[in-house]
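Chain by chain, the residues:
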Amino acid sequence: NAGVTQTPKFQVLKTGQSMTLQCAQDMNHEYMSWYRQDPGMGLRLIHYSVGAGITDQGEVPNGYNVSRSTTEDFPLRLLSAAPSQTSVYFCASRDPGTGIYGYTFGSGTRLTVV
Amino acid sequence: DQQVKQNSPSLSVQEGRISILNCDYTNSMFDYFLWYKKYPAEGPTFLISISSIKDKNEDGRFTVFLNKSAKHLSLHIVPSQPGDSAVYFCAASALSSGAQKLVFGQGTRLTINP
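Owing to the predicted nature of the structure, the values given are computational and were not obtained by experimental measurement.

Visitor: Describe the overall build of chain A, and please don't skip the residues or the numbers.
Guide: Broken down by element type, chain A carries zero helices and 11 strands. Helices and strands in chain A line up, N terminus first, as β-β-β-β-β-β-β-β-β-β-β. Scaling as 2.2 N^0.38, a compact globule of 114 residues should have a C-alpha radius of gyration of about 13 Å, and chain A matches this with 13 Å. Taking the principal axes of the C-alpha coordinates as reference, chain A spans close to 40 × 30 × 30 Å. Every one of the 114 residues in chain A was classed for burial, and the buried ones make up 46%. Contacts spanning at least 24 positions in sequence make up 54% of the contacts within chain A whose residues lie at least 6 apart. Put simply, chain A shows about 5,200 Å² of open surface, and 50% of that area lies on carbon and sulfur atoms. Side-chain charges in chain A split into 8 positive and 8 negative, and the spacing between the mean points of these groups amounts to 11 Å.

Pasting the structure below:
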């Protein structure tokens with residue numbers, strides 16, 4: 001099925017552990033983004049990429065790293081997890097020609113840091 | 001500093017009646033406004049959008065109104081159906097650092113009662 005695939009769906013980490021949230025899309029979209037959703041805060045942009053090899057910071061980038069070596073994949077790395085990073089993470093992608101309403105979101109990764 | 005605000009965390013409406021979801025924004029540079037619908041354990045899906053040069057956009061049962069002078073937009077759902085029960089996010093788009101980015105509100109949980 002075409003779309004945005006996020007893995008894992010659920011994860012529990014201990015403070016200080018590292019992990020990578022995976023995001024893959026098979027629609028050949030140039031633009032990809034990572035958001036986190038917290039109660040009362042909506043979705044906030046962490047990092048985004050406008051193409052392979054190009055990434056930039058969003059609103060809340062601290063504690064997260066990204067890289068974009070291929071068009072399909074946009075992994076999000078937590079180098080040293082903190083309880084404040086407990087959240088639901090969404091990856092999204094779009095073709096730049098479809099307009100700002102063209103984002104396709106993955107189903108999310110629920111991360112708990114204890 | 002929340003640039004997009006949805007001040008009602010929840011809304012309960014009877015089936016068949018009108019649902020009105022509200023959103024306020026502070027940044028006059030926003031050029032597109034969007035509404036997303038989100039079911040539990042799924043990613044947000046695009047519902048309807050409006051350009052900043054328009055004041056109304058309609059798509060079936062969904063209508064979005066934009067009042068630029070008040071920096072306010074609203075989503076009307078008529079008639080409301082049980083399947084409309086979801087969390088609705090208002091989002092706004094602006095060009096920042098060479099890329100179009102979305103800023104989301106906190107979300108409103110809509111419950112349609114039979």
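Visitor: Tell me about the nonpolar core, residues and numbers included.
Guide: Grouped together as the largest cluster of nonpolar side chains are 24 residues, with contacts concentrated most on F33, W35, L73, L75 and Y88 of chain B. At the level of secondary structure, the elements contributing two or more residues to this core comprise β3 (19–25), β4 (32–38), β5 (45–51), β7 (62–67), β8 (72–77), β9 (86–96) and β11 (108–113) of chain B.

Visitor: How would you summarise the interface of chain A and chain B if you had to cite specific residues and measurements?
Guide: On the side of chain B, 22 residues touch chain A, which itself brings 19 residues to the contact. The contact between chain A and chain B buries some 1,600 Å² in all, and 66% of this surface belongs to carbon and sulfur atoms. Taken as a group, L43, I100 and Y101 of chain A account for 35% of the area that chain A buries against chain B, more than any other trio of residues on that side. At the junction of chain A and chain B, the tally comes to zero salt bridges. Where chain A meets chain B, there are one residue pair in polar contact (both at pLDDT 80 or more).

Cut-offs used in this document
- Residues numbered from 1 in each chain as written.
- Chains lettered and ligands numbered in written order.
- Predicted model: local features only at pLDDT ≥ 70, side-chain atom pairs only at ≥ 80, totals over all residues.
- Heavy atoms only, no water.
- Helix = DSSP H or I, 4+ residues; strand = E, 2+ residues; numbered from the N terminus.
- Rg over C-alpha atoms; globule rule 2.2 N^0.38 Å.
- Buried < 20%, exposed > 50% of the residue type's maximum accessible area, 1.4 Å probe, protein only.
- Contact = heavy atoms within 4.5 Å.
- Areas by Shrake-Rupley, 256 points an atom, 1.4 Å probe, with all protein chains shown as cover.
- Lys, Arg positive; Asp, Glu negative; His and termini not counted.
- Charge placed at Lys NZ, Arg CZ, Asp CG, Glu CD.
- Core = buried A, V, L, I, M, F, W, Y, C linked by side-chain atoms within 4.5 Å.
- Buried area = accessible area lost by both parts, 1.4 Å probe.
- Salt bridge = Lys/Arg side-chain N within 4 Å of Asp/Glu carboxyl O.
- Polar contact = N/O pair within 3.5 Å; in protein donor to acceptor, adjacent residues only side chain to side chain.

Nothing here speaks to function; it is all geometry.
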